[in-house]
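Letter by letter, the chains look like this.
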Amino acid sequence: MGAKKGAESRIDELRQLIRHHDRKYFVENDPEISDRTYDRLMEELVSLEAEHPGLVTPDSPTQRVGGEPAQGFETVTHSVPMLSLDNTYSPEELREFDARVRKNLPGEDVAYVVELKLDGVSVALTYEDGALARGATRGDGRRGDDVTANLRTVPSIPLRLAGELGAVVEVRGEVFMPRSGFDELNRTRKREEAPPFANPRNAAAGSLKLLDPAEVAARPLDAFFYQLVDASSHGVETHHEAIAAIAAIGLRASPEASLCDDIESAIERCGEWQDSRGGLDFDIDGMVVKVDSLDQQRRLAATAKSPRWGIAFKFPAQSETTVVLDIVVQVGRTGKLTPVAILEPVFVSGSTVSRATLHNQDEVDRLDVRVGDTVTIEKGGEVIPKVVNVVKSKRKGRPRRFRMPSKCPVCDEPVAKPSGEVDLRCENVSCAAQVKRSIEHFAARGAMDIEGLGTALVEQLVERGIVEDFGDLYSLDRDELIDLERMGEKSTDNLLAELEKSKDRPFARLLFALGVRHVGSRVADVLAAEFPSMEKLRGASEEALAEVDEVGPVIAGSVRAFLSSKHNRAVLAKLERAGLTMRSKRRGSRAGSSPAGSRLAGKTVVLTGSLEGMTRDEARDAIAAAGGRVTGSVSAKTDLVVAGKDPGSKLAKAKKLGIETIDERRLRKLLGA
Ligand code: IVH
């Protein structure tokens, strides 16, 4: 008993010491003891806890990496929606923002806080009685993924808060990967022949999505927090006090936040950071300007999307010059040939650029870009890199003009230029490039969603002649798969199970997965609602197709051409033989619940607000299966609006137009669920 008591108090003491030194090291960058001394404290705690397993608590510093890899993430509904900020790109726009703010606060002084806009992944952390209870990603703003186990592994996120603030404390901020850690991680990945991450933000986002916390622990993640939810309940009245409160409870608070008396000094701060951001060890894609007074923030409130009290100031796109090493031609899923500039790698706006699309011959001619040329590359934060011009003064000799080939670079068949189009196309449906891309599209999320069928595997399947089109996926041989590179028994069996599962995807998804030109997921829904089986679709004339709302002659022509092709008919036959769903599902067998008899049959439905018992995709699929279709916005053509929790302006519009609205419960009834 005495020994246990002794152990208990030593354990307690060690935890407090370790938390203190974690905070000094990871949060404040101000270590007080050597790594060796720290390690000794940790070793002592680990061994005491091993002797007294009953004394282990989840907030112990030994418990950062715990549990088994997850199957997936639970969904968390945010206490208050996680909105996003509107963007501005110039001092002038910031002044306009200030004018709007002051118009809403007549006669009042407005002070601003200027902060770095961290380029990471936004997260929300909830501490209950001082212990980290939950961590979630932003998701769609209302609901995100519960990534608590992953966030627990981030060393600068304390498992227990250092100071008292309240029984429930929620903070929001950004998880990111420092540049130094990112470079190191990519070097390791290169050694291990794993694909490198394009930039620190992707690396951070990818890390949080890992299902195994032990793997996340090996990723150099860090976090900054810039929002204390419900701050006034914690006795905080301004944003700069909130930042101080965040720091006081032991979290890493938004760095370099500065309080400015007016918009002009805020603009000045933004300009200073634009010039000096290169000195930071993490990426920022701009600055954030926020009204400091929380009372003013409350009165300014928010639109459906973003608060009126804050705004992002995005830095202009950065540009760099580099050399065009080559111009190659890529063949896409629908056979489109695209010229691509292969560049001497160059670092622009947070990532290394080594290729840039040149779109088509017209664009190549417009730029007059040739192999060997020095070019200016421009890239904003998330924007795809663009070749903006050729530095003609640096052109050496007289390089040859680039000409698009007359034959497909992959299959060597002649290419065609359909009249009225600028693009060249390879019309050989068996072209390996098209086959690969179309299989990737078929298997993609939102299409047949076949996990485990990635680029590397598709490459092998096509190159080795194991599949000639996606119809062959359903007759893959287990033994043949196991023999492929990076495939083992487990991944083979998983893939076969995934393929089996995909056979039941709704007909609309299959239509999308086929990769018919111009048929995106929306059009696929529309077609599946109007022609609820492959048979019906095949039987439809071009005119009948073109008459469908949102279809029109171009899509109709494309669908007809697809279905009339001998090759495509053969592929469809394979899918049919494999037992894929070739018709919109009837719900149950009772009369009146079939699509034709369903209250949703032929109805145009709009979803608004968040649904509790199903995701939007599920609702869409279910409505499509019942013969209806879901569109994005309310118009006179809308038959029904389903209002979930916190419905947006669509509900108001529906009411104005006198459109019938129902709640989620009623929707479930109509779906027969
Ligand atoms: S404040 C209502 N402050 O930028 C949203 N956001 O579009 C309040 N971000 O989703 C956000 N640094 O992920 C805020 N210092 C900062 C930020 C920041 C990065 C991100 C955040 C947000 C997005 C805004």
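Above this note sits the structure.
Cut-offs applied
Residues numbered from 1 in each chain as written. Predicted model: local features only at pLDDT ≥ 70, side-chain atom pairs only at ≥ 80, totals over all residues. Heavy atoms only, no water. Helix = DSSP H or I, 4+ residues; strand = E, 2+ residues; numbered from the N terminus. Rg over C-alpha atoms; globule rule 2.2 N^0.38 Å. Buried < 20%, exposed > 50% of the residue type's maximum accessible area, 1.4 Å probe, protein only. Lys, Arg positive; Asp, Glu negative; His and termini not counted. Charge placed at Lys NZ, Arg CZ, Asp CG, Glu CD. Contact = heavy atoms within 4.5 Å. Expected span 1.5 Å × (residues − 1). Arc of directions from axis to C-beta. Salt bridge = Lys/Arg side-chain N within 4 Å of Asp/Glu carboxyl O. Near = heavy atom within 4 Å. Polar contact = N/O pair within 3.5 Å; in protein donor to acceptor, adjacent residues only side chain to side chain. Nonpolar A, V, L, I, M, F, W, Y, C, P; charged D, E, K, R; others polar. Phe/Tyr/Trp six-rings, centres within 6.5 Å; stacked < 30°, edge-to-face > 60°. Core = buried A, V, L, I, M, F, W, Y, C linked by side-chain atoms within 4.5 Å. Pairing = 2+ DSSP bridges. Axes fitted to C-alpha atoms, helices over the stretch in contact; angles between N-to-C directions.

A. Broad picture of the overall build of the protein chain. When helices and strands are counted, the protein chain shows 24 helices and 22 strands. The C-alpha atoms of the protein chain give 29 Å as radius of gyration, which agrees with the globular expectation for 673 residues (26 Å, within 12%). In terms of its C-alpha atoms, the protein chain occupies a principal-axis envelope of roughly 80 × 80 × 65 Å. Expressed as a percentage of its 673 residues, the buried residues of the protein chain come to 47%. Positive and negative charge centroids in the protein chain, built from 97 and 106 side chains respectively, lie 6 Å apart.

B. Structural view of the environment of Lys-392. Among the structural elements, Lys-392 can be located in the loop between β16 (386-390) and β17 (415-416). When its relative accessible area of 44% is taken as the criterion, Lys-392 is described as partly exposed. Sequence separation of Lys-392 and Val-369 is 23 residues, and the distance between their C-alpha atoms is 9.3 Å. When neighbours within four sequence positions are excluded, Lys-392 is seen to be in contact with Leu-367 and Asp-368.

C. Focus on helix α3 (residues 91-104). Under the 1.5 Å per step criterion, the end-to-end length of α3 is 20 Å for 14 residues, consistent within 8% with the ideal 20 Å. Looking only at α3, the buried set comprises Leu-94, Phe-97, Asp-98 and Val-101. Considered in projection along α3, the buried side chains sweep an arc of 100 degrees and stay on one side of the axis. Buried residues along α3 sit in contact with β2 (87-88), β3 (112-118), α9 (263-276), β10 (284-291), α10 (294-300) and β11 (310-314).

D. Broad picture of the pattern of salt bridges. Taken as a whole and assessed by the stated rule, the structure comprises 55 salt bridges. The closest approach of N and O atoms between Arg-179 and Asp-283, which form a salt bridge, is 2.6 Å. With Arg-179 in helix α5 (residues 179-191) and Asp-283 in the loop between α9 and β10, this residue pair connects regions lying 104 residues apart in the sequence. By relative accessible area, Arg-179 is classed as partly exposed at 21%. The class of Asp-283 is buried, set by a relative accessible area of 11%. Ionic pairing is found between Arg-366 and Glu-363, a salt bridge with its closest N-O pair at 3.0 Å. Of this pair, Arg-366 and Glu-363 both sit in helix α11 (residues 361-367), three residues apart, which is roughly one turn of the helix. Of the residues examined, Arg-366 reaches a relative accessible area of 57% and is grouped as exposed. Residue Glu-363 is classed as buried on the basis of its relative accessible area, which comes to 18%.

E. Quick look at the site of the ligand. Neighbouring the ligand are 13 residues; Leu-85, Glu-115, Glu-174, Tyr-226 and Lys-290 lie closest to it. At 3.3 Å, a side-chain N or O of Ser-122 approaches an oxygen atom of the ligand. Looking at the shell around the ligand, the elements with two or more residues in it are β3 and β10. For the shell around the ligand, the element with the most residues is β3, which contributes four residues. Residue classes in the shell around the ligand are distributed as seven nonpolar, two polar and four charged.

F. Structural context of the packing of aromatic side chains. Under the criterion given, the structure shown has eight aromatic pairs. With a centroid separation of 6.0 Å and an interplanar angle of 45 degrees, the aromatic rings of Phe-97 and Tyr-112 are classed as tilted. With Phe-97 in helix α3 and Tyr-112 in strand β3, the pair connects residues that are 15 residues apart, well separated along the chain. Consider the rings of Phe-442 and Tyr-474, whose centres lie 6.4 Å apart with planes at 80 degrees: the pair is edge-to-face. Pair noted here: Phe-442 is in helix α12 (residues 432-443) and Tyr-474 is in the loop between α13 (455-463) and α14 (478-482), with a separation of 32 residues, a long-range link. No difference in accessibility class separates Phe-442 from Tyr-474, as the two residues are buried.

G. Spatial organisation of the nonpolar core. In this structure, Phe-442 and Leu-473 are the most contacted members of the largest nonpolar core, which totals 54 residues. Put simply, the parts of the chain that give this core at least two residues each are α12, α13, α15 (489-502), α16 (507-513), α17 (521-530), α18 (534-539), α20 (552-564) and α21 (566-578). Considering each element in turn, this core owes the most residues, six residues, to α16. Not counting the four nearest positions on each side in its chain, Leu-473 is found in contact with Ile-439, Phe-442, Leu-453, Leu-461, Val-467 and Leu-499.

H. Highlighting the sheet that holds strand β19 (residues 604-608). Pairing within the open sheet is parallel, and its four strands lie in the order β20-β19-β21-β22. The open sheet has two edge strands, β20 (629-631) and β22 (660-663), and neither has a second partner. Each neighbouring strand pair of the sheet contributes to a mean axis angle of 35 degrees, computed without reference to strand direction. Two elements, strand β21 (residues 640-643) and β22, share four bridges in a ladder whose sense is parallel. Residue Leu-640 lies in a different strand from β22, and its bridge partner there is Glu-660. Set on the sheet, helix α24 (residues 664-671) makes contact with β21 and β22; between it and β22 the angle comes to about 95 degrees.

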